[in-house]
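In case you want the letters, here they are:
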Amino acid sequence: MPGPIRLILAIHNHQPVGNFDHVVEEAYQDSYRPMLETLADYPAVRLSLHNSGSLLDWIEQHRPEYIEQLKERVDAGQVEILGGPFYEPILASIPSRDRVGQMQAYRTHLETTFGQTPRGMWVPERVWEQSFTRDAVAAGLKYTVLDDFHFKNAGFSEEELYGYFVTEDDGKMLSVFPISEKLRYTIPFAEPEETIEWLKEVYEKQPEAVVAFGDDGEKFGTWPGSKQHVYGDGWLTRFFQLLTDNQDWIRVVTFAQAVEEVSPLGRCYLPDCSYREMTEWALPTDRQLELIHLQRKHRKEKDWPEIRQRLRGGFWRNFLVKYPEAHEMYCRMREISDRLHQLLQDAPELEQTEKFQSAQDHLYRGQCNCPYWHGAFGGLYLPHLRNAIYHHLIEADCLVEQMAGKTGRWVEIASRDMNLDARQEIRIASDQLVAYLAPARGGHIYELDARGSFVNLLATLDRRPEPYHETILAHASGDLAGQNETASVSDEIVFKQEDLHLKLAYDQWTRKSLVDHVLPTGMTMEEFRLGGEFVGEAEKAVFKTSLKRSADRVEAVMTRRCRWKGQTPLLTKSVAVSTSSPSELEIHYRLDDLVPGKPVHLAVEFNFAAMAANVDNRYFYDETGSSIGFLGTDQDLSEHSRIGLVDEWLGLDASLESSQPAGIWAYPLETVSQSEGGFELVHQSCAVILHWEFTPDSHVWETSLRLNIDTSAARARRLAASPGSTRMTVES
């Protein structure tokens with residue numbers, strides 16, 4: 001008689017850094033806890049289980065009983081603990097040294113927690129590049145698991161994938177298991193008998209085969225409708241019972257057991273890849289829509305399943321092209337990693353200090369993958385996740401400054417290519433703030449960090465087309481046949497707010513600060529809000545730049561010759577910070593060579609992210625200091641010299657002052673995006689536009705602006721909560 005087929009069940013549980021406690025708690029109660037409790041009743045069923053470090057960190061703080069229950073299953077030999085990078089970064093998005101560092105750190109942590117040294121790893125989002133092989137081996141890992149989609153793109157047929165392979169890079173060997181796409185779709189969505197019947201087919205073709213299932217644990221209780229299906233209707237108990245009843249020919253094993261008992265099928269080299277849906281999401285929106293329409297057109301044709309196997313989507317790294325905001329986080333993260341590495345090169349003894357280890361941990365947390373991309377889940381579109389990334393990166397940056405010997409009041413300025421675009425950017429920093437300027441892209445400030453509250457006030461997000469917007473528009477028009485088939489966690493179309501189709505809007509310029517606009521005379525706020533023909537060279541112009549330095553003040557001076565209708569004035573705008581006001585940016589605008597008597601309507605746009613909208617303790621105030629409405633409300637002020645934005649929860653007060661009274665427009669920027677629960681409207685930032693409409697009587701016009709960032713409330717609260725600590729809880 002042939003030996004039994006070996007089935008591996010791999011479950012990956014993950015919650016991103018910075019997620020809300022109530023969201024994680026709900027996932028714990030609906031998925032993680034009941035899965036483990038059900039497993040205990042079926043000793044013949046084994047799991048290879050991966051909890052991401054960010055989730056395990058939360059569990060250790062809030063649900064320590066889970067650790068004890070899991071350790072019992074580990075000690076009983078029923079659960080194999082899988083390792084991987086600690087805070088679930090996309091490995092392609094972080095330096096090799098950090099890949100190894102994260103994997104080693106989590107391996108040590110899991111060994112300490114569960115008494116079992118992980119030999120296998122879960123690859124975050126199964127985003128794979130061949131060079132990861134040597135990094136995993138360097139971290140002490142022996143095997144991993146990827147989708148069969150990776151293998152099929154390397155030329156394997158499905159029948160060749162009932163086992164595992166070895167791969168190699170630079171002479172380092174790693175075993176790789178293929179995940180069955182068939183099982184990813186039947187478990188837990190089809191009846192358990194369908195999975196058993198398919199396994200029987202495999203068994204009859206290839207006795208002693210090894211078949212692996214691997215997917216998100218949230219499918220088992222957290223995804224819409226899955227809790228009732230998996231637990232309420234008894235799907236999981238029926239599945240585990242069927243596996244138990246058929247253990248004469250199905251043996252449920254862990255990866256570790258399979259490696260010990262079965263030889264590899266052979267050697268393989270896999271292409272840069274992820275799971276099928278991820279490769280589709282990585283495509284530019286237009287190309288993604290083309291693929292969706294192609295699938296819709298041909299899906300009922302006989303040969304479509306075979307043709308679909310030959311289709312490939314995009315490459316994960318192109319999310320950094322598709323979403324410039326993800327690239328900004330990536331470049332900021334790389335900068336801090338490089339600075340930490342350089343510190344270690346210069347002073348190796350730092351590695352053992354608490355400050356260095358804390359900075360490295362914050363860096364690793366700031367590499368968590370979820371807000372660096374977007375697919376069927378919120379990801380990049382969720383402000384609290386982006387804010388959490390920046391929180392940890394800014395805190396790491398502050399610790400780096402301290403280890404570099406900066407104390408007291410200080411300022412500095414530097415220029416280099418900071419965002420990998422082959423252009424020079426400018427970094428202006430003090431002990432209170434950091435500003436990044438892009439002279440070659442409109443002279444914008446594209447990042448503005450408030451050190452006291454660990455907040456990037458320019459963690460903004462432009463509104464852009466997404467493929468699922470077709471679904472929203474089709475649903476609103478009643479054209480159900482025209483709804484596109486974007487990958488989703490639920491077939492049900494859910495709208496969290498009404499009339500979302502009316503909220504779809506796309507930005508014609510990037511929503512940063514110091515964005516210049518030349519407007520038609522008499523333009524209203526609503527006309528500006530809608531965009532239009534006024535968008536021109538001002539929003540993206542290239543500036544010549546010079547830097548000025550002294551011991552107590554630094555300044556970037558940017559100049560360009562404008563090409564306005566009917567005149568070509570010389571625009572100079574400068575940004576400075578001084579030790580006397582380290583929390584304030586001094587901004588100066590000057591126009592030379594104006595044509596007297598010719599009307600001018602100049603606007604300068606600022607954006608403020610990270611501050612929640614429509615909440616009692618988040619509000620605007622005017623030049624008298626009086627509250628004028630929640631953040632997220634429209635403001636249309638005339639002849640004002642000051643506007644401020646307060647977020648009392650963050651302990652943050654940002655104010656803008658102008659020496660020349662200005663009209664001030666302010667309004668919310670909201671995206672319509674897709675998440676696990678459906679389509680939703682998400683507040684991203686507040687746009688604040690200062691505009692001056694005048695007819696010059698001379699060739700010169702100028703104004704001085706002051707952007708003050710007061711974080712004294714945040715610092716006082718932090719010191720009161722934990723004297724001497726630099727930590728602050730992350731929440732939106």
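Here the structure is a predicted model, which is why all the values come from computation and not from measurement.

Some thoughts on the overall build of the protein
Now for step 1: Across its full length, the protein carries 21 helices and 26 strands.
Now for step 2: Expected size for 732 residues packed as a compact globule is a radius of gyration near 27 Å; at 28 Å, the protein falls within 12% of this value.
Now for step 3: On the principal axes, the C-alpha backbone points of the protein span a range of 100 × 65 × 45 Å.
Now for step 4: When the 732 residues of the protein are sorted by exposure, 59% land in the buried category.
Now for step 5: Taking the contacts inside the protein whose residues are at least 6 apart along the sequence as the reference set, 72% of them involve residues at least 24 apart.
Now for step 6: Accessible area for the protein stands at about 28,400 Å²; split by element, carbon and sulfur atoms hold 48% of it.

A short note on the confidence of the model for the protein
Now for step 1: For the protein, the average pLDDT comes to 94, and 97% of its residues sit at 70 or higher.
Now for step 2: Note on residues 484–490: pLDDT under 50 across the span, and 26 contacts to partners over four residues away in sequence or across chains.

Brief notes about the side chain of S655
Now for step 1: In this structure, S655 sits in strand 24 (residues 652–675).
Now for step 2: The class for S655 is buried, based on a relative accessible area of 4%.
Now for step 3: For S655, the contacting residues outside a window of four places in its chain are Y621, R642, I643, G644, R706, L707 and N708.

Remarks on a negative patch on the surface
Now for step 1: Together, E193, E197, E201 and E204 give the surface a local cluster of negative charge.
Now for step 2: The residue E201 is located in helix 8 (residues 192–205) in this model.

Considerations on the nonpolar core
The tendency in soluble globular proteins is for nonpolar side chains to be buried as a group.
Now for step 1: In terms of nonpolar packing, the biggest core is built from 127 residues, with L9, F240 and L243 touching the most fellow members.
Now for step 2: Looking at which element gives the most residues to this core, the answer is helix 18 (residues 383–403), with eleven residues.
Now for step 3: When near neighbours in sequence (up to four residues on either side) are disregarded, L9 contacts V45, R46, L47, S48, F213, F239, F240, L243, V252 and V253.
Now for step 4: Counting residues in each nonpolar core, the second largest holds 56 residues, with M558, I587, L637 and I709 among its members.

Notes on the pairing of strand 1 (residues 5–13)
Regular strands place side chains that alternate from one sheet face to the opposite one.
Now for step 1: Of all the nine residues making up strand 1, nine are buried; the element is thus mostly covered by neighbouring parts of the structure.
Now for step 2: In strand 1, alternate side chains face the same way, and those of I5, L7, L9, I11 and N13 on one face and R6, I8, A10 and H12 on the other are all buried.
Now for step 3: Across four bridges, the pairing between strand 1 and strand 9 (residues 250–253) is parallel. Paired with R6 across the strands is R251, a residue of strand 9.
Now for step 4: Sheet topology places strand 1 next to strand 8 (residues 210–216); seven bridges connect them, and they run parallel. Note on strand 8: the bridge partner recorded for H12 is D216.

So, the packing of helix 17 (residues 354–365) against helix 18
Now for step 1: Viewed as axis vectors pointing N to C, helix 17 and helix 18 meet at an angle of 155 degrees, and their least axial separation amounts to 8 Å. Classified by the angle between their axes, helix 17 and helix 18 sit roughly antiparallel to one another. When you trace helix 17 past helix 18, the crossing you get is left-handed. For the pair formed by helix 17 and helix 18, the contact residues are K355, F356, S358, A359, H362, L363 and R365 on the first element and I389, H392, L393, E395, A396, L399, Q402 and M403 on the second.
Now for step 2: In the contact of helix 17 with helix 18, the residues fall into eight nonpolar, four polar and three charged.

Here we look at the side chain of Q684
Now for step 1: Among the secondary structure elements, Q684 is positioned in strand 25 (residues 678–694).
Now for step 2: There is a polar contact of 2.8 Å between the side chain of Q684 and the side chain of R386.
Now for step 3: Apart from residues lying up to four places away in sequence, Q684 is in contact with Y381, P383, R386, L461, A609, A610, L669, E670 and T671.

Side note on the packing of aromatic side chains
Now for step 1: Within the structure shown, the criterion is met by 36 aromatic pairs.
Now for step 2: Measuring from centroid to centroid gives 5.9 Å for F319 and W373, while their planes differ by 50 degrees, and the two rings are tilted. In this pair, F319 is assigned in helix 15 (residues 319–322) and W373 in the loop between helix 17 and helix 18, connecting sequence segments 54 residues apart.
Now for step 3: On the basis of relative accessible area, F319 is assigned to the buried category, the value being 0%.
Now for step 4: Overall, the relative accessible area of 5% leaves W373 in the buried class.

A short note on unusual backbone geometry
Now for step 1: With an omega of 0 degrees, the peptide bond between I187 and P188 qualifies as cis.
Now for step 2: Along the chain, the position of P188 falls in the loop between helix 7 (181–186) and helix 8.
Now for step 3: Not every positive phi belongs to a glycine, and E88 is a case in point at roughly 60 degrees.
Now for step 4: Position of E88 among the secondary structure elements: in the loop between strand 3 (79–81) and helix 4 (96–114).
Now for step 5: Not every positive phi belongs to a glycine, and R126 is a case in point at roughly 50 degrees.
Now for step 6: Note that R126 resides in the loop between strand 4 (120–122) and helix 5 (132–138).
Now for step 7: Given a relative accessible area of 2%, R126 falls into the buried group.

Here's the deal with helix 8
The periodicity of an α-helix, 3.6 residues per turn, causes residues three or four positions apart to be oriented the same way.
Now for step 1: Here helix 8 spans 21 Å end to end across 14 residues, near enough to the 20 Å set by a 1.5 Å rise per residue.
Now for step 2: For helix 8, every residue scored as buried is listed here: P192, T195, I196, W198, L199, V202 and Y203. For helix 8, the angular spread of the buried residues around the axis is 165 degrees, confining them to a single face. Counted as exposed and oriented over 90 degrees from the buried face of helix 8: E197, E204 and K205.
Now for step 3: If you follow the buried residues of helix 8, they end up packed against strand 1, helix 7, strand 8, helix 10 (235–245) and strand 9.

What counts and how
For every chain, the first residue of the written sequence is number 1, and numbering continues from 1 onward in sequence order. At least 70 in pLDDT is required for a residue's local features to be given in this predicted model, at least 80 for side-chain atom pairs to be given and counted, and no such filter applies to totals for whole chains, interfaces and linings, which use all residues. Only heavy atoms go into the side-chain values, all of them from the structure, while hydrogens and water stay out. The way it works is that DSSP assigns letters per residue, a run of H or I at least four long becomes a helix, a run of E at least two long becomes a strand, and they are numbered from the N terminus. What the globule rule says is 2.2 Å times the number of residues to the power 0.38, and the radius of gyration is computed from C-alpha atoms. Using a 1.4 Å probe on the protein chains alone, a residue whose accessible area is under 20% of its type maximum counts as buried, one over 50% counts as exposed, and one in between counts as partly exposed. Contacts are assigned to residue pairs that have any heavy atoms within 4.5 Å of one another. Exposure was quantified through the Shrake-Rupley algorithm and a 1.4 Å probe, taking into account, for residues, occlusion by the shown protein chains and nothing else. Per-residue confidence from the prediction method is given by pLDDT, with values spanning 0 to 100. A patch consists of residues exposed above 30% relative accessible area that lack any salt bridge, with like charges linked at up to 9 Å and nonpolar side chains (Val, Leu, Ile, Met, Phe, Trp, Tyr) linked at up to 5 Å. Basic side-chain nitrogens of Lys or Arg form a salt bridge, by our definition, when they fall within 4 Å of a carboxyl oxygen of Asp or Glu. Residues scored as charged are limited to Lys and Arg (positive) and Asp and Glu (negative), so that His and the chain ends carry no count. Here the site of a charge means NZ on Lys, CZ on Arg, CG on Asp, or CD on Glu. Take the buried residues of types Ala, Val, Leu, Ile, Met, Phe, Trp, Tyr and Cys, join any two whose side-chain atoms come within 4.5 Å, and each joined set is a nonpolar core. At least two bridges found by DSSP between two strands is the condition for calling them paired. Helix axes are fitted to C-alpha atoms over the stretch in contact, other axes to C-alpha atoms as well, and angles between N-to-C directions run from 0 to 180 degrees. When describing relative orientation, an angle under 35 degrees is termed roughly parallel and one over 145 degrees roughly antiparallel, while 65 to 115 degrees is termed roughly perpendicular and anything else oblique. Two helices that cross are described as forming a left-handed crossing if the nearer one is turned anticlockwise from the farther one by less than a right angle, and a right-handed crossing if clockwise. Gly is placed with the polar residues, together with every amino acid not listed as nonpolar (Ala, Val, Leu, Ile, Met, Phe, Trp, Tyr, Cys and Pro) or charged (Asp, Glu, Lys and Arg). Each polar contact in these results corresponds to two N or O atoms within 3.5 Å; when the atoms are within protein, one needs to be able to donate a hydrogen and the other to accept it, and residues that are neighboring in sequence are counted only if both atoms are side-chain atoms. The criterion for an aromatic pair is that two Phe, Tyr or Trp rings (for Trp, the six-membered ring) have centres within 6.5 Å, with stacked assigned to planes under 30 degrees apart, edge-to-face to planes over 60 apart and tilted to the rest. Between the first and last residue of a helix there are one fewer steps than residues, each counted as 1.5 Å, and that sum is the expected span. By arc we mean the arc of the directions from the helix axis to the C-beta atoms, nothing more.

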